[in-house]
Amino acid sequence: MEKILNYINGEWLAPVQGQYLPNKNPSTGETYSLVPDSDAEDAERAITAAYGAFKSWSQTTVRQRSDLLRKLAELIKENATKLAHDESMDNGKPLRLASEVDIPRSELNFRFFADMAISLHGEAYRSDPNTVSYTEYAPLGPVVCISPWNLPLYLLTWKIAPALAAGCTVVAKPSEITPMTAYRLSQLVAQAGFPKGVINFLHGRGASLGEKLATDARVKAISFTGSTQTGRIISGMASPHFKKLALEMGGKNPVLIFQDAEYEKTLNTVVRSSFSNQGQICLCGSRIFIQRPLYDQFKNDFVERVARLKVGDPGDEASDLGAVVSEDHQKKILSYIQKAKDEGGVILTGGEKLSLGSGYYVAPTVIENLRWDSCVNQDEIFGPVVTLTPFESEEHVVSMANSTRYGLAASVWTTNIQCAQRMVRGLDVGIVWVNTWMNRDLRTPFGGVKESGYGREGGLEALKFFSEVKTICVETS
Ligand code: NAD
């Protein structure tokens, strides 16, 4: 059985205590590899390596860093087939999705920040004829990047790439539930020729590593993506040490469908935005609000399409959905379906686990007849479960859409541009899509409001996050 290793200071290392966790294939329930159950001593080694490498890495030119990022992107491309296979096996997602989305986007993250790195610029002001004030961005220092299991390589590289481009060194902490492609990436990092200590991969449980990573004085920033609950714990530990924090957290995204929406496009996209990656994308829409006159027609067509989705072996080209990530997560999703029934919800399709061998499968589920403030409509489920709710007016739908503690993303479907503008202004979220979904220009900021996010990723925002700005004032007289 393959043993994953930490990658610290250019070496693959077993965890100091020699302990490992089972790594399961969710589509079969079988343990197929072992992941280090690292502890604070391993974290100490990784931080020491990143700290030691910082001085010389921060003094490299943007060109040198960009060249290495491009080389890594090239290696991801060369190994894309293997990486997609490993991602699908580790996470349960359809191989097709891993091949078309996860791995190409991971490659793009390095290419994008290789290009974007040259755009980070300061400002200059002539204050009076003899005085000029200007700003300069300098790399922040060693940073920690913590990522979740839903888009394992995609989200980890989305953090590592800007950190390296800005001149920081990195301790990367992938999810212990889906560590395999991060391990593969450590092999490609070595092949690309990054100096030792510049990128370190530390595997293990967040609860065992979090305190050391969040409180060590040498760590200058933490970029975290995961649940709001964990974000709160990290923020609680790191804030007294005045570390920079970027927290991308949970969501409960509303989808607003008006009666004048372009019907077929809306229907097709909302099926996708509900169930891609088994509904385990932070941007999936899980509360679908439909204007009353369109409600029955949309409901019937939507349910008919969802019932036709094929759930099955992630390796099968025909599978639209694979397995959810773990047995615990399957239980959580099923418990919310039960709560929906208890709260008077009507299951229109799905509503059960599927017995496909011993894998963790859940049928795509559509529920109606739940109050907007029911727990199923307020809590993040993060699985293939959506609710349908009719609305009467713009004010009505905005108040329901804004009613949760989350505020990550929303999508609005209408051909009325004035209505779309009113919704854009009224929705308390960080990202609004109008007549589209998951359409991302990587130069734009990414992040949520309320309990979904703190800080922004993407484009210049990410480069600035990993930099310290200095103001210089020069008198020339
Ligand atoms: P999680 O919070 O359980 O874990 C995320 C990461 O944090 C993992 O690497 C985990 O090991 C680590 N961790 C856990 N406890 C920690 C601690 N005490 N200290 C330090 N690190 C710790 O989240 P998850 O279950 O892996 O992912 C699902 C969640 O991620 C959902 O809530 C989803 O909405 C969210 N998510 C958000 C975005 C976004 O961009 N906003 C994107 C993807 C996923």
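Quick notes on the rules
The written sequence of each chain sets the order in which its residues are numbered from 1. Selection of residues for local features in this predicted model requires a pLDDT of at least 70, selection of side-chain atom pairs for listing and counting requires 80 or more, and totals for whole chains, interfaces and linings are taken over all residues. Side-chain numbers here rest on the full set of heavy atoms in the structure, without hydrogens or water. Runs of E in the DSSP output that reach at least two residues are strands. Runs of H or I that reach at least four are helices, and both are numbered from the N terminus. Here the expected length of a helix is defined as 1.5 Å per residue gap, with one fewer gap than residues. Here the bend at a residue means the angle between the axes of two seven-residue stretches, the one that ends at it and the one that starts at it. The classification of residues rests on relative accessible area computed with a 1.4 Å probe and restricted to protein chains. Under 20% of the type maximum is buried, over 50% is exposed, and intermediate values are partly exposed. Polar contact criterion, stated in full: a pair of N or O atoms within 3.5 Å, where within protein one must be able to donate a hydrogen and the other to accept it, and residues adjacent in sequence count only if both atoms are side-chain atoms. Note on terminology: near, applied to a residue and a molecule or strand, indicates that one of the residue's heavy atoms is within 4 Å of it. Only the protein chains shown count as covering a residue, and every accessible area follows the Shrake-Rupley method with a 1.4 Å probe. Buried and open spaces are told apart on a 1 Å grid over the protein atoms alone, a cavity being a set of points where a 1.4 Å probe fits but cannot get out and a pocket being an open set with protein on both sides within 12 Å along at least five of seven lines. Residues with an atom within 4 Å of a point are the lining residues. Cavity and pocket membership follows a simple rule, namely that a molecule belongs there if more than half of its atoms are within 2 Å of the grid points. Here, two residues are considered to be in contact whenever any of their heavy atoms come within 4.5 Å of each other. The term salt bridge refers to a pairing of a side-chain nitrogen on Lys or Arg with a carboxyl oxygen on Asp or Glu at a separation within 4 Å. Grid points are joined across faces, edges and corners, and a volume is the space filled by probe spheres set on the points. Residue polarity is assigned by list, with Asp, Glu, Lys and Arg as charged and Ala, Val, Leu, Ile, Met, Phe, Trp, Tyr, Cys and Pro as nonpolar; anything else, Gly included, falls into the polar class. Paired strands, in this sense, are two strands between which DSSP finds at least two bridges. For Phe, Tyr and Trp, rings pair up if their centres lie within 6.5 Å, where Trp contributes its six-membered ring, and each pair is then called stacked (planes under 30 degrees apart), edge-to-face (over 60) or tilted (otherwise). Domain limits in this description derive from either an automatic procedure or a database domain assignment. Values labelled buried area give the accessible surface lost by two parts on being combined, using a 1.4 Å probe and summing over both.

**Let's talk about helix 1 (residues 40-58)**
An ideal rise of 1.5 Å per residue puts 27 Å on 19 residues; helix 1 measures up with 26 Å between its terminal C-alpha atoms. In the structure, helix 1 departs most strongly from a straight axis at G52, where the bend amounts to approximately 25 degrees. Listed in full, the buried residues belonging to helix 1 are D42, A43, A46, I47, A49, A50, A53, F54 and W57. The residue sitting at the N-terminus of helix 1 and contributing the capping side-chain oxygen is D39; that oxygen lies 3.0 Å from the backbone nitrogen of E41.

**Focus: the site of the ligand**
Within the structure, the ligand sits among 29 residues, and K173, E176, S227, T230 and E380 are positioned closest to it. In the model, an oxygen atom of the ligand is placed 3.3 Å from a nitrogen or oxygen of the G206 main chain. Interatomic distance of 2.5 Å between a side-chain N/O atom of E380 and an oxygen atom of the ligand. Here the ligand loses 89% of its free accessible area of 850 Å² to cover by the protein chains. A majority-of-atoms criterion places the ligand in the largest pocket.

**Here's the deal with the side chain of S66**
Residue position: S66 is located in helix 2 (residues 62-78). When sequence neighbours within four positions are dropped, the list of residues in contact with S66 reads A114 and A117.

**What about the pattern of salt bridges?**
If the charged atoms of two oppositely charged side chains come close together, the side chains can form a pair. Using the criterion set out here, one finds 26 salt bridges in the structure. Residue R184 is joined to D86 by a salt bridge in which the shortest nitrogen-to-oxygen separation is 2.6 Å. You can see R184 sitting in helix 6 (residues 180-192) and its partner D86 sitting in helix 3 (residues 80-91), a full 98 residues away along the chain. Each member of the pair, R184 as well as D86, carries the same accessibility label: buried. The salt bridge involving D216 is made with R218; its shortest N-O contact spans 2.9 Å. Because the salt bridges share partners, they merge into one network encompassing E2, K82, D86 and R184.

**A closer look at empty space enclosed by the protein**
Taken as a whole and assessed by the stated rule, the structure comprises five cavities of 30 Å³ or more. Taken as a whole, the largest cavity holds about 120 Å³ of empty space. Lining of the largest cavity is provided by 16 residues; of these, G251, G279, C284, S286 and F382 occupy positions nearest its centre. Breaking the lining of the largest cavity down by element, the ones donating at least two residues are strand 14 (285-291) and strand 19 (385-391). Of the residues in the lining of the largest cavity, the class split is seven nonpolar, seven polar and two charged. Roughly 100 Å³ of volume is contained in the second largest cavity. In terms of lining residues, the second largest cavity is bounded by R105, L151, Y154, L155, W158, I281, C282, L283, M438, R440 and F446. Split by residue class, the lining of the second largest cavity holds nine nonpolar, no polar and two charged.

**Focus on the pairing of strand 19**
In terms of burial, strand 19 is largely enclosed, as seven of its seven residues are buried. Across five bridges, strand 14 lies against strand 19 in parallel orientation. Looking across to strand 19, one finds that I290 is bridged to P390.

**Focus: the packing of aromatic side chains**
Applying the stated criterion to the full structure yields 10 aromatic pairs. Between Y7 and F201 the ring centres are 6.4 Å apart and the planes differ by 50 degrees, which places this aromatic pair in the tilted class. Here Y7 is found in strand 2 (residues 6-8), whereas its partner F201 is found in strand 10 (residues 199-201), with 194 residues between them in sequence. Summarising the burial analysis for this pair, Y7 and F201 share the class buried. Between F258 and F391, the ring centres sit 5.1 Å apart and the planes meet at 75 degrees, which makes this aromatic pair edge-to-face. Of this pair, F258 sits in the loop between strand 13 (253-257) and helix 9 (263-275) while F391 sits in strand 19, and the two are 133 residues apart along the sequence. Linked through ring pairs, Y7, W12 and F201 together constitute an aromatic cluster.

**A closer look at the domain arrangement of the chain**
Split into domains, the chain comes out as domain 1 (2-249 + 452-475) and domain 2 (253-442). In this complex, domain 1 contributes 30 residues to the contact, which on the side of domain 2 involves 31 residues. Here domain 1 and domain 2 share an interface that buries about 2300 Å² over both sides, 55% of which is from carbon and sulfur atoms. Looking at the side of domain 1 facing domain 2, the largest losses of area belong to R96, W149 and S452, adding up to 23% of the total buried there. Counting across the interface, domain 1 meets domain 2 through one salt bridge. With its nearest N and O atoms 3.8 Å apart, the salt bridge here joins D320 to R96. Seen at the junction of domain 1 and domain 2, the total is 13 residue pairs in polar contact (both at pLDDT 80 or more).

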